[in-house]
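# Working through the structure, step by step
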Amino acid sequence: MEKYTIKSTFTVGNQIVHVNMVKRNEILGVAFPIKFAQVLSPGTRVGVFSVWGNNEMRVAYKFGDNLYFAMSPYDHMHAYAAYSSLPGLRNLSFDRVRFRRALRSALRKSGISMRGSLCQKMIRLHEQNQK
């Protein structure tokens, strides 16, 4: 998981929040749903979960108790593919553990049931984030 700091934000048509994040000399621009506008303010730290070996492909973004998926887990197969693409202990990384903790925290904040498999939880949170 890489850590970025939000440099600036602006809303587009009351539907999207465009966020510019920085990490040292690297700049990253991401669009989030408008419901996250109040949470995404300049200076906020954002954790970015990326695919193992490819930092350009992002799986999810964690900010506060929120988790937003870059790769849409709209069914079991896509949710499993997104999770399995994260580096794990075999790759000497704790990203999968951090992802599970971030998912549990986001589910608790959203009031979504903690029952079911990891993939089901990811799908339910994704559906909630899209509303």
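Scroll up to find the structure.
Below, the structure is looked at part by part.

How each quantity is defined
Residues numbered from 1 in each chain as written. Predicted model: local features only at pLDDT ≥ 70, side-chain atom pairs only at ≥ 80, totals over all residues. Heavy atoms only, no water. Phe/Tyr/Trp six-rings, centres within 6.5 Å; stacked < 30°, edge-to-face > 60°. Helix = DSSP H or I, 4+ residues; strand = E, 2+ residues; numbered from the N terminus. Buried < 20%, exposed > 50% of the residue type's maximum accessible area, 1.4 Å probe, protein only. Lys NZ or Arg CZ within 6 Å of the ring centre and 35° of its normal. Salt bridge = Lys/Arg side-chain N within 4 Å of Asp/Glu carboxyl O. Arc of directions from axis to C-beta. Core = buried A, V, L, I, M, F, W, Y, C linked by side-chain atoms within 4.5 Å. Patch = residues over 30% accessible without salt bridge, like charges linked within 9 Å, V, L, I, M, F, W, Y side chains within 5 Å. Areas by Shrake-Rupley, 256 points an atom, 1.4 Å probe, with all protein chains shown as cover. Contact = heavy atoms within 4.5 Å. Expected span 1.5 Å × (residues − 1).

## Description of the packing of aromatic side chains
Counted under the stated rule, the structure contains eight aromatic pairs. A centroid spacing of 5.4 Å and a plane angle of 80° characterise the contact between F32 and Y61, whose relative ring orientation is edge-to-face. You can see F32 sitting in strand β3 (residues 26-33) and its partner Y61 sitting in strand β5 (residues 54-63), a full 29 residues away along the chain. On the basis of relative accessibility, which here comes to 1%, the residue F32 falls in the buried class. The exposure class of Y61 is buried, given its relative accessible area of 6%. An aromatic cluster is present here, built from F32, F36, Y61, F63 and Y68 joined pairwise through their rings. Across the ring face of Y4, the terminal group of K23 is positioned such that the distance to the ring centre comes to 5.9 Å. Sitting over the face of the ring of Y83, R96 holds its NZ or CZ atom 5.3 Å from the ring centroid.

## Considering the pattern of salt bridges
What the rule picks out here adds up to two salt bridges. Between K23 and E2 there is a salt bridge whose closest N-O contact spans 3.5 Å. Here E2 lies in strand β1 (residues 2-12) and K23 lies in strand β2 (residues 16-23), a separation of 21 residues in the sequence. You can call E2 buried: its relative accessible area is 13%. Across the pair D95 and R98 runs a salt bridge whose closest N-O atoms are separated by 3.3 Å. With D95 and R98 both in helix α2 (residues 95-110), this residue pair falls three residues apart, about one helical turn.

## Brief notes about helix α1 (residues 76-84)
Residues of α1 that are buried include every one of A79, A82 and Y83, and no others. Seen from one end, α1 has its buried residues packed into an arc of 95°, which puts them on one side. Exposed residues on α1 whose side chains face more than 90 degrees from its buried face are M77 and Y80.

## A short note on the nonpolar core
In this structure, F49, L67, F69, F99, L103, M122 and L125 are the most contacted members of the largest nonpolar core, which totals 21 residues. Those elements that provide at least two residues to this core are β4 (45-51), β5, β6 (66-69), α1, α2 and α3 (118-130). By size, the runner-up hydrophobic cluster in this structure holds 15 residues, among which are V17, V30, F63 and Y68.

## A look at a nonpolar patch on the surface
Residues F10, V12 and I16 make up a contiguous nonpolar surface patch of about 240 Å² in total accessible area. Looking at the secondary structure, you find F10 in strand β1.

## Brief notes about the environment of G29
With respect to the helices and strands, the residue G29 is situated in strand β3. Along the chain, G29 and V46 lie 17 residues apart, while their C-alpha atoms are 12 Å from each other. Once residues lying within four places of it in the same chain are set aside, the contact partners of G29 are H18, V19 and N20.

## Section: α3
With 13 residues, α3 ought to run about 18 Å at 1.5 Å a step, and its terminal C-alpha atoms sit 19 Å apart, in line with that. Those residues of α3 lying buried are L118, C119, K121, M122, I123, L125, H126 and N129. In the core, the buried residues of α3 are packed alongside β3, β6, α1 and α2.

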